[in-house]
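Here's the letter readout for the chains.
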Amino acid sequence: MERYILPDIPDYSAIDVYEQHGGYGALKKALGMKPEEVTDEVKKSSLRGRGGACFPTGLKWTFMPKQSTKAKYLCVNGDESEPGTFKDRQILELNPHALIEGTVIACYAMGITTAYIYLRGEYGKWIRMLQKALDAAYAKGYVGEKILGSGFSTNVYLHKGAGAYICGEESALMNSLEGQRGYPRVKPPFPAQFGVWGCPTTINNVETICNVPLIINKGWEWYSKIGAAKHPGPILVGVSGHVNKPGVFEVPTGELLTDLIDKCAGGVPGDKKIKAVIPGGSSTMILRGEAIEGVRMDADSLKAAGSSVGTAGMIVMDETTDLIRVISRISKFYYHESCGQCTPCREGTGWIWKILKRFELGEGQMKDIDLLMDIANSIEGNTICALGDAAAWPVQSMIRRFRDEFEKRVKPAAVAVAS
Amino acid sequence: MLTQENLNRIEEIRKRYATSQAALLPVLWIAQEQEGWISEEMMREVGKLLDLPYGHVLGVVSFYTMFHSEPLGKYHIEVCTNVSCMLRGSDGILKAIEHHCGVKPGETSADRKWTVSEVECMGACGGAPMLAIGEEYYEGLTPESTEKLLGSLK
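Description of the structure in this document.

Definitions and limits used
Residues numbered from 1 in each chain as written. Chains lettered and ligands numbered in written order. Predicted model: local features only at pLDDT ≥ 70, side-chain atom pairs only at ≥ 80, totals over all residues. Helix = DSSP H or I, 4+ residues; strand = E, 2+ residues; numbered from the N terminus. Contact = placed C-beta atoms within 7 Å. Buried ≥ 20, exposed ≤ 12 C-beta atoms within 10 Å, placed from the backbone. Pairing = 2+ DSSP bridges. Expected span 1.5 Å × (residues − 1). Core = buried A, V, L, I, M, F, W, Y, C linked by C-beta atoms within 7 Å. Domains from an automatic or database assignment. Axes fitted to C-alpha atoms, helices over the stretch in contact; angles between N-to-C directions. Parallel < 35°, antiparallel > 145°, perpendicular 65-115°, else oblique. Left-handed = near helix turned anticlockwise from the far one by under 90°. Nonpolar A, V, L, I, M, F, W, Y, C, P; charged D, E, K, R; others polar.

**What to know about the environment of G348 of chain A**
Residues and elements named next belong to chain A.
- Examined against the element boundaries, G348 turns out to sit in helix α14 (residues 343-360).
- Put simply, G348 and N377 are 29 residues apart on the chain and 9.9 Å apart in space, counted from C-alpha to C-alpha.
- Ignoring sequence-local partners within four residues, the contact set of G348 consists of I375, S378 and I379.

**Focus on the pairing of strand β1 (residues 73-78) of chain A**
All names here are of chain A.
- In terms of residue burial, β1 counts as a mostly covered element, since six of its six residues are buried.
- Neither face of β1 is exposed, since Y73, C75 and N77 on one face and L74, V76 and G78 on the opposite face are all buried.
- The pairing of β1 with strand β2 (residues 114-119) spans six bridges and is classified as parallel. Its bridge partner being in β2, N77 is matched across the sheet by Y118.
- With five bridges joining them, β1 and strand β4 (residues 201-205) adopt parallel strand pairing. The residue bridging Y73 from the neighbouring strand is T201, located in β4.

**Some remarks on α14 of chain A**
Residues and elements named next belong to chain A.
- Relative to the 26 Å expected for 18 residues at 1.5 Å per residue, α14 spans 25 Å between its end C-alpha atoms, a close match to the ideal helical length.
- Among the residues making up α14, those that are buried are P344, C345, G348, T349, I352, W353, I355, L356 and F359.
- If you follow the buried residues of α14, they end up packed against α13 (323-337), α15 (366-379), α16 (387-401) and α17 (403-407).
- G362 occupies a position one or two residues after α14 and carries a positive phi of about 75°.

**A look at the nonpolar core**
- The biggest cluster of nonpolar side chains holds 173 residues, and the ones touching the most others in it are C75, I105 and L260 of chain A.
- It is helix α6 (residues 96-110) of chain A that provides the largest number of residues to this core, a total of ten residues.
- Here this core gathers at least three residues from each of two domains, domain 1 (4-63) and domain 2 (75-151) of chain B.
- Excluding residues that lie within four positions of it along the chain, C75 of chain A makes contacts with Y116, Y118, L173, M174, L177, V196, T201 and I203 of chain A.

**Some thoughts on unusual backbone geometry**
Residue and element names in this part refer to chain A.
- Here K187 and P188 are connected by a cis peptide whose omega angle stands at -5°.
- Looking at the element boundaries, P188 is found in the loop between α8 (170-177) and β4.
- Cis geometry marks the peptide bond from P188 to P189; its omega dihedral reads 5°.
- Along the chain, P189 falls in the loop between α8 and β4.
- Positive phi outside glycine occurs at L148, with the angle close to 50°.
- Secondary-structure assignment places L148 in the loop between α7 (124-139) and β3 (155-160).
- Here L148 falls in the partly exposed class, since 14 other C-beta atoms lie within 10 Å of it.
- The phi angle at D271 is positive, at roughly 50°, despite the residue not being glycine.
- By secondary structure assignment, the location of D271 is in the loop between α11 (257-264) and β7 (274-278).
- What makes D271 exposed here is the crowd of 8 C-beta atoms within 10 Å.

**Comments concerning the packing of α13 of chain A against α14 of chain A**
All names here are of chain A.
- At a closest axis distance of 9 Å, the pairing of α13 and α14 adopts a crossing angle of 155°. Judged by the angle between their axes, α13 and α14 are roughly antiparallel. Crossing geometry of α13 relative to α14 is assigned as left-handed. Residues I324, R325, I327, S328, S331, K332, Y334 and Y335 of α13 form the contact with α14, whose participating residues are T349, G350, I352, W353, L356, K357, F359 and E360.
- Tallied by class, the residues present in the contact of α13 with α14 amount to eight nonpolar, four polar and four charged.

That's the geometry; what it means functionally is another story.
Here it is, written out as structure tokens:
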């Protein structure tokens, strides 16, 4: 398939090259439409957010009040920090103008005059690349006052995070933008009613926004026919772990996981068998190697398989992998990144990690397996934000699908006592 | 003390936000860029500048792992040990770093040349295993190439 988000065009990050290939044409087109027509186009395209929740983007835009006495804001979420996810970085490097163009179109559609692109602090080098592109876009009148001679003005600013996974959660992102600790907020009120500084705010993922110029250029009908019907469009899939050619691959949604591994990422080194696959970043439920047959990279197919698309960051593990070490490392991550507001997550993530450490050392106890499940179940759904769920799902799925791996690491003496 | 040039930059940055508090992260980045870390004195200065209590500034600095309230070594080696890197040999990379720098993660060498940190996913899973020094990413490492890289830093 032709690539749209990461096209194979040299120097595409340079504004002249971007323009030569029709860049900023979608912005011109959008400015000739009514704002609600732009939103409608995105709504009809069935574009769903690429940040993990797969929420319909056009529908989210309609939540913004049309008339507001307060300022309205757009936050573009580029805090990507979910382990296994490295797609936004490719966009910043290879196609920054699609991000800028999409941001301005989104602002126009929702009547927003200030947008912040929040980027993870580790991407300092890539933030400078994007700033350079943004400066060029300002200089050519695509951003700023009276864009392309229209009556519409909007400013776009880059905001650098400082190393907190939780700031990728939309309400934590807003608090971070306000100069606070990145603590998620209780919802409701939702961002469209009470967002940054209490004003109506929409938060969209970087990759999501990059799809917007494409939809405006080619029309919703064209877009909605790409890939899976209920979750269409091009999608950036990161494949890492035990594959010959790890990387980010742009494919239509609905691609077979096995094709992504074998055709895109060059298969597993030494033709080893696949033991397990995490399909969409470390918080998504782990699948057994034999269970990925026929499963596709789209919301419905992965849901049916007992997992989710998440951020489409696939981690492939071959038959030699120590899965107890994997789940222990994942749990350490969520323990480290828990913001500490909610007791189940703050305490539970630490307990889980400590117990898994014991299994790692071969000192687990049979009853600990159920204890782990119990702690994970007590975190899930009982926290302000989804980090609690993100910490629980990998543990629950690992126990459900690889219980034998845990049993193998039970201390022999403990087995004797238990029986 | 923030330099006059940086104070001017901060004045510009403040205009981007509805409140002066929102400029806190950008200002802390500027402070850290100037000094290499953020001292208590600097936090107090930033607080005065943005009309925020010292406690708020300290609370923010201590929340975000990329703000350093202790001085670091000349080279800050950040090695990712999260799953994608672990599967491709980050254990060996970390070992090579510890061997070369003579310190464990979280420590700074006595000559203040190295600070080593074990970090969470840096978003370079396609280039695993990896490490970062400042804003530069080094990907597709082996223990040998890591050793060579560190040896080239004077």
